[in-house]
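Per-entry structural report
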Number of protein chains: 4
Amino acid sequence: MRYTVFGESHGSAIGVVLEGVPSGVELDWDFIRSELRRRAPGQNATSTARREADEPEVLSGVFEGRTTGTPLCAVIRNTDTRSRDYRKLQDLPRPGHADYTGQVRYGGYNDYRGGGHFSGRLTAPLVLAGAVAKLILKERGVSVSARVSNIAGILDPTPEEAQRAILEAKADRDSVGGCVRCTVEGLPAGLGAPDFGCNVEGIFSQYLFAVPAVKGIAFGAGFGFAGMRGSEANDPFCLVDGQIRTETNHTGGVNGGITNGMPVEFEVVFRPTPSISRPQRTVSLSRMEEAELVVEGRHDPCVVLRAVPVVEAAAALAACEVLGIGSGAGAR
Amino acid sequence: MRYTVFGESHGSAIGVVLEGVPSGVELDWDFIRSELRRRAPGQNATSTARREADEPEVLSGVFEGRTTGTPLCAVIRNTDTRSRDYRKLQDLPRPGHADYTGQVRYGGYNDYRGGGHFSGRLTAPLVLAGAVAKLILKERGVSVSARVSNIAGILDPTPEEAQRAILEAKADRDSVGGCVRCTVEGLPAGLGAPDFGCNVEGIFSQYLFAVPAVKGIAFGAGFGFAGMRGSEANDPFCLVDGQIRTETNHTGGVNGGITNGMPVEFEVVFRPTPSISRPQRTVSLSRMEEAELVVEGRHDPCVVLRAVPVVEAAAALAACEVLGIGSGAGAR
Amino acid sequence: MRYTVFGESHGSAIGVVLEGVPSGVELDWDFIRSELRRRAPGQNATSTARREADEPEVLSGVFEGRTTGTPLCAVIRNTDTRSRDYRKLQDLPRPGHADYTGQVRYGGYNDYRGGGHFSGRLTAPLVLAGAVAKLILKERGVSVSARVSNIAGILDPTPEEAQRAILEAKADRDSVGGCVRCTVEGLPAGLGAPDFGCNVEGIFSQYLFAVPAVKGIAFGAGFGFAGMRGSEANDPFCLVDGQIRTETNHTGGVNGGITNGMPVEFEVVFRPTPSISRPQRTVSLSRMEEAELVVEGRHDPCVVLRAVPVVEAAAALAACEVLGIGSGAGAR
Amino acid sequence: MRYTVFGESHGSAIGVVLEGVPSGVELDWDFIRSELRRRAPGQNATSTARREADEPEVLSGVFEGRTTGTPLCAVIRNTDTRSRDYRKLQDLPRPGHADYTGQVRYGGYNDYRGGGHFSGRLTAPLVLAGAVAKLILKERGVSVSARVSNIAGILDPTPEEAQRAILEAKADRDSVGGCVRCTVEGLPAGLGAPDFGCNVEGIFSQYLFAVPAVKGIAFGAGFGFAGMRGSEANDPFCLVDGQIRTETNHTGGVNGGITNGMPVEFEVVFRPTPSISRPQRTVSLSRMEEAELVVEGRHDPCVVLRAVPVVEAAAALAACEVLGIGSGAGAR
């Protein structure tokens, strides 16, 4: 199964094409819409005020409520696109954003309005694709769930702690980062391989790094492995109801690039939202001289809360690849 | 450029095939051999006693000392393969190793002797491929260097601190983990894309997770981003000798999945060597009952020191992909 | 550059996503529309009466009239979708069509109305993608042109001969096949490689077999090579204006899988339209007994005339791949 | 399953790496050697006098006589490499050969001796890989067989006719082309898809065009479709022993890019061997002036007879891909 997200923040629509979808999967639209709502902005004081209808239209690949197995295209129209002068961002690239790299990469031809193709809004079609993936996984007994594991340096924060830290940053016209921890349950042992391009950690990482603002991924004990000894880190094998399991799951469900039957667990880190309304130092590209920039407009002081369903979506798509769904011409 | 590592620890040979190599690259064998020596075991008290000649033989893709542009195959013969009864490992899988997952994945047909295809020895052909990649990168002004950034929880340890921590663990019949930090200098701005499969972090991560024992990767400030504010994390743009640079490099040289012209920096974490000589709990697969296992034989109490050139090799191959070397039929 | 065509004949829309498009390409919509018109049905007595507006809407990847370099999605709404009982086709699969194979492949969940995803209508977004490819090629001095080289067994027929043969078949409630010959001019020498997945003939063939009803492809002298001697078949080298050329071009511009600087020439064969209104023998899938079928509805007695721009489109996309356009993360 | 052939005619070895091989396949070496012998030269008066031991050495991926599921590398040493001055070919490229295109493609760095990587000798590792593929297919009830269907324009020649035509050409210091027709039996209905990269014809064609000297491929009635009417070309469905079959197989077992359960049938055309000992016109690349060339040395006046097992090998590898063998991380 292969997904391609397309669209720009202020273009006519955003969307996704999914290839290799198994046929006959019943699309539960209540579920899909609820997933989109989990990601939607404007839900509380800590997120951007932009309202998005985010009602997707399926153009292909679905017939009588079920997937046909042919490419599924779904689009979401862009409606609330305020017109502002974004052209300034082309001259004064925002630190931490992709304004500068996008301009170099695309020779200045990219649609810079509202972040264009780099906009966090592009995670809506990703969540949509992930919702389809979750429905496919559900039929195979696989589930994906994620949670906020760090906000502003606070480990496993309560909602109150998280909100307080975010609002404090907002009051300072600043932003905060954090982490999301994700678990994929139900993958059988024996999927993946140690080789380049086939190992489970590498496959998951490629999907997760396609989520904007993700800067790191680690499995199981993750960077904590650095301070552990082998005797702590090794997960002893045991029998549970006659099944081979491990007593602990420090390895995050993967040994030698192959699933071991325990839940696949990983954590990703999100950088603080680069959009802050404090003055920042940048360079005027037209005059090639240093300059100061104050970023205006709506933006989240923290994307981590809304990122939870996005991480789940990326993980669900990765799990489909690990299961070999839709790969190869022989797929049926 | 695509690499495929093949071989088993106790088979007749290990090796690598490199496709998409540019033609005309002069292979500096003093350099290639020195890279292999950096990885070779048996160099000091902290590493395994196995001696490997590791003298590669090039079978194809090189003519009169330069790459031809056709697939390059190099093999390293296995010589020091002590015969022991590895069959026990098939029945009593070692915790933390791929004995169990390999057996499930390959239906019990994999060559389990000495770790087989999962053996750390397979990093020798990876280093060889990486050395070729470094020579290609050198012609393009790109260099790769890595260093140990953590041993046994000690940040940026001195050689003495590292050795002490490792020997302490060895004395306890235990092992330690650690981190390697890597920098790729010279990549121009504008490489990569935000999309799945094209973003620079995702590309690097896929190469790095193919290194055995790597369990996490993070770019720039990495997991430290969780506790940072946007005002700290954003790298202000500045001019250096008329060139656009950033004052800091918290983002690790990548914004929106695209290089920004600053060094690409990342850190990987290595789990502690799973091979420890303490008694461990496991399961007898033949009798399906819990059992105890004592792993014998030679093994490193810490792979992190020897992993430095392996990380560099993986990063060099990733940098070639990011540069588009050898990709596409139109490559010349 | 990678294209994905989506949609079903009687769904809400058909379309295409193009990834890896170079940025800054000016989209000449008069040209793109004229290409779509060349393929459109209902133009003369020999083609189906279905009228299609075929006016595409670009959803992404274009800004201020030029490509942005991000995924380009264009859709064409389906309007003239007559409702008929296509369900009969599910029970009585039409010989020569994909009714049966589609049903097996997609477990009976595919949208069978009007051929669904197998419909020739899906060549409209392919022509659209090909038109974009032609504009990209034009900037690089490469052009693609095709012509009908065989209709109903008549070699290089005049328009009158072609029309007469088609109308004769139509009068017989039958259909005819034919060939299209295509030339790609301007590709420099040295593109491609002999290896699997890289050779120029293999790349072109993969694009051309994605055109419905194509059953064969041959380069240069093609199947005529079987009756030639080496002394005839070999193209002698010569100098033309100081450039290395060949006197003849029997090899079709490719030697050893690599372009030689001469035009790339190939021919594809189209099977006769399977939709004929004569009674045909088939099997009732529900009753598992042999049955007779009379196919009703509009259909072309010959697709070859309309296939010319489709062949060009597929060839243009192939030429982009051969040139390495949009391949690799390093593409700019 | 992915194969990579490496090596040069006069290098130290040629070989192949196979990735994605299912584990546990018993390698019948009598069979594999017999396949290599079918391709080996020097067997009769019509083929080159070069003797090749062609005894392969397996370096990896096999344990106790069965495949392990990890990359399988096998090499064949080059022994009978007569030293001649091949350098002349670099200055005076042989018409019909890849001397010129190879030199342009690889910037003059390719190993030109004896055809280098373009040599027909590279089909030995391809046959080896194909033999492994056949053993895999055999377990799944799929078989591949090919035969000479045309020599020097003679359709379905008897061995005597074929030999006479070849020897006549040889006496004229010339060469002849021909065709090979191949049948793959046992593939179930429902494999493949109409989409680019997934359709069965496109997959087979990519494998077949990687065979040197193949210039065309056509399925079922092939180019004969051009002169057929739909009423002849359509294969009526029927029931055979309660199974859905078609009365004829003009479509060659594929409809809409998907297998229909009938044998997959195709024909490939081979150009006449470009190596002929008649004087030919070429260009001196060093002096950039037209010149005459007489090619010396051993060469086949017709490769078609020896190509039969090569076509089967390519078809067997294609059939594995169509069956989805070894594709995806989830492959087991």
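This write-up is about the structure you can find in this document. Being a predicted model, the structure only gives us computed values, none of them experimental. (Residues numbered from 1 in each chain as written. Chains lettered and ligands numbered in written order. Predicted model: local features only at pLDDT ≥ 70, side-chain atom pairs only at ≥ 80, totals over all residues. Heavy atoms only, no water.)

1. Description of the sheet that holds strand S1 (residues 2–7) of chain D
Residue and element names in this part refer to chain D. As a reminder, the rule being used: Strands pair, by our definition, only if DSSP identifies at least two bridges between them. The helix count covers DSSP runs of H or I at least four residues long, the strand count covers runs of E at least two residues long, and both are numbered beginning at the N terminus. To obtain an axis, a line is fitted to C-alpha atoms, over the contacting stretch when the element is a helix, and the angle between two such axes runs from 0 to 180 degrees between their N-to-C directions.
Taking strand neighbours across the sheet as the criterion, the 4 strands line up as S1-S2-S6-S3 in an open arrangement whose pairing is antiparallel. On the outer flanks of this sheet lie S1 and strand S3 (56–60), each paired with one strand and no other. The average angle at which neighbouring strand axes cross in this sheet is 20°, direction not considered. Of the pairings in the sheet, the one linking S3 to strand S6 (residues 72–77) comprises 4 bridges and is antiparallel in character. Its bridge partner being in S6, Ser60 is matched across the sheet by Cys73.

2. Comments concerning the nonpolar core
Here is the rule we go by: Among buried residues, the Ala, Val, Leu, Ile, Met, Phe, Trp, Tyr and Cys ones that are joined through side-chain atoms within 4.5 Å form a nonpolar core. Three exposure classes are used, based on accessible area relative to the maximum for each residue type with a 1.4 Å probe and protein chains only: buried under 20%, partly exposed in between, and exposed over 50%. We call two residues contacting when some pair of their heavy atoms lies within 4.5 Å.
Judged by nonpolar contacts, the single largest core of 147 residues is most densely connected at Phe204, Leu208 and Phe266 of chain C together with Tyr3, Phe204, Leu208 and Phe266 of chain D. Beyond its immediate stretch of four places on either side in the chain, Leu208 of chain D contacts Val214, Ile217, Phe266, Val268, Val311, Ala314 and Ala315 of chain D. By size, the runner-up hydrophobic cluster in this structure holds 146 residues, among which are Ile32, Cys182 and Ile203 of chain A together with Ala74 of chain B.

3. Let's talk about the relation of the copies chain A and chain B
Definition in use: Least squares is the method used to superpose the copies, on C-alpha atoms of residues holding a pLDDT of at least 70 in both.
The transform that puts chain A on chain B rotates by 180° and translates by 0.0 Å along the axis, for an RMSD of 0.0 Å. Such a combination of rotation and displacement between the chain copies is what one expects of a two-fold axis. Distance from the rotation axis, computed per C-alpha, reaches its smallest value in chain A at Ile217 of chain A: 2.8 Å. A high fraction, 100%, of the interface residues of chain A reappear at the interface in chain B, so the copies pair face to face through one surface.

4. Here we look at the relation of the copies chain C and chain D
Both copies of the chain are related through a single rotation about an axis accompanied by a shift along the same axis. Once chain C has been moved 0.0 Å along the axis and rotated by 180°, it coincides with chain D to within an RMSD of 0.0 Å. Comparing contact sets, 100% of the residues at the interface of chain C also lie at the interface in chain D, consistent with an isologous, same-surface contact.

5. Considering the side chain of Thr68 of chain D
All names here are of chain D. Stated precisely, the cut-off is as follows: Whenever a nitrogen or oxygen atom comes within 3.5 Å of another N or O atom, the pair is scored as a polar contact, on the condition that within protein one atom can donate a hydrogen and the other can accept it, and that pairs from neighbouring residues in sequence are kept only if both atoms are in side chains.
Looking at where Thr68 falls in the secondary structure, it is placed in the loop between strand S5 (66–67) and S6. Looking at Thr68, the relative accessible area reads 1%, which means it is buried. Polar contacts involving the side chain of Thr68 include one to the side chain of Thr70, which spans 2.6 Å.

6. A closer look at the interface of chain C and chain D
Spelled out, the test is: Note: buried area is the sum, over both parts, of the accessible area (probe 1.4 Å) each one loses when the two are combined. Between Lys or Arg on one side and Asp or Glu on the other, a salt bridge is scored when a side-chain nitrogen of the former is within 4 Å of a carboxyl oxygen of the latter. The classification used treats Ala, Val, Leu, Ile, Met, Phe, Trp, Tyr, Cys and Pro as nonpolar, Asp, Glu, Lys and Arg as charged, and all other residues, Gly among them, as polar.
Taken together, the contact between chain C and chain D spans 95 residues of the former and 95 residues of the latter. Per-residue buried area on chain C facing chain D is highest for Phe196, Lys215 and Phe237 of chain C; these three make up 11% of the total on that side. If you look at where chain C meets chain D, you find 6 salt bridges. Linking chain C with chain D are 49 residue pairs in polar contact (both at pLDDT 80 or more), by the criterion used here. Looking at the side of chain C that touches chain D, the element that brings in the most residues is strand S10 (residues 214–219) of chain C, giving 6 residues. For the side of chain C that touches chain D, the per-class residue count stands at 46 nonpolar, 32 polar and 17 charged.

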